[in-house]
Amino acid sequence: GRLGDLATIDEKYDVAVSTACSMLDYIVVQTTAGAQACLKFLRKHGLGRANFVPLDKMKKGAHDRTVETPEGAPRLFDLITPRKHFVSPALFLGV
């Protein structure tokens, strides 16, 4: 599904996060092969273009690190709540 649809953003930050993170419009797929199949389908049927995030290529654990920010400001990633934990690496990449 669309990365932005696989998470929730507090209404207070929705416009800022959505504006800053264009990858929220990318389509999340399980595998690289799945992304290639989707691209082939789009081309075959002349349906335009799309960008994909294959979960099998995501680095595990990068999103779990503690990071110091200026004045303790939250990271964009911390303002987004994934609907399913497995999309967290894709969200981290997207922001």
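Our structure's up above, just so we're on the same page.
Given the structure is predicted, the values throughout are model-derived calculations rather than measurements.

**Q** Please explain the packing of aromatic side chains as it appears in this structure.
**A** Both the distance between ring centres and the angle between the ring planes are used here to describe each pair of aromatic rings. Summed over the entire model, instances satisfying the criterion amount to one aromatic pair. For the ring pair F77 and F92, a centre distance of 5.4 Å and an interplane angle of 85° mean the geometry is edge-to-face. Here F92 lies in helix α3 (residues 88-94) and F77 lies in the loop between β3 (52-54) and β4 (80-82), a separation of 15 residues in the sequence.

**Q** So what exactly am I meant to see when it comes to the environment of C21 here?
**A** As for its placement among the helices and strands, C21 is situated in the loop between α1 (14-20) and β2 (27-29). It is 10 Å that separates the C-alpha atoms of C21 and F77, two residues lying 56 residues apart in sequence.

**Q** What is the right way to look at the environment of M23 in this model?
**A** Note that M23 resides in the loop between α1 and β2. Spatially, the C-alpha atoms of M23 and V53 are 9.0 Å apart, while their sequence positions differ by 30 residues. Residues contacting M23, with those up to four places away along its chain left out, are L3, V53, L93 and G94.

So, how was this worked out
- Residues numbered from 1 in each chain as written.
- Predicted model: local features only at pLDDT ≥ 70, side-chain atom pairs only at ≥ 80, totals over all residues.
- Heavy atoms only, no water.
- Phe/Tyr/Trp six-rings, centres within 6.5 Å; stacked < 30°, edge-to-face > 60°.
- Helix = DSSP H or I, 4+ residues; strand = E, 2+ residues; numbered from the N terminus.
- Contact = heavy atoms within 4.5 Å.

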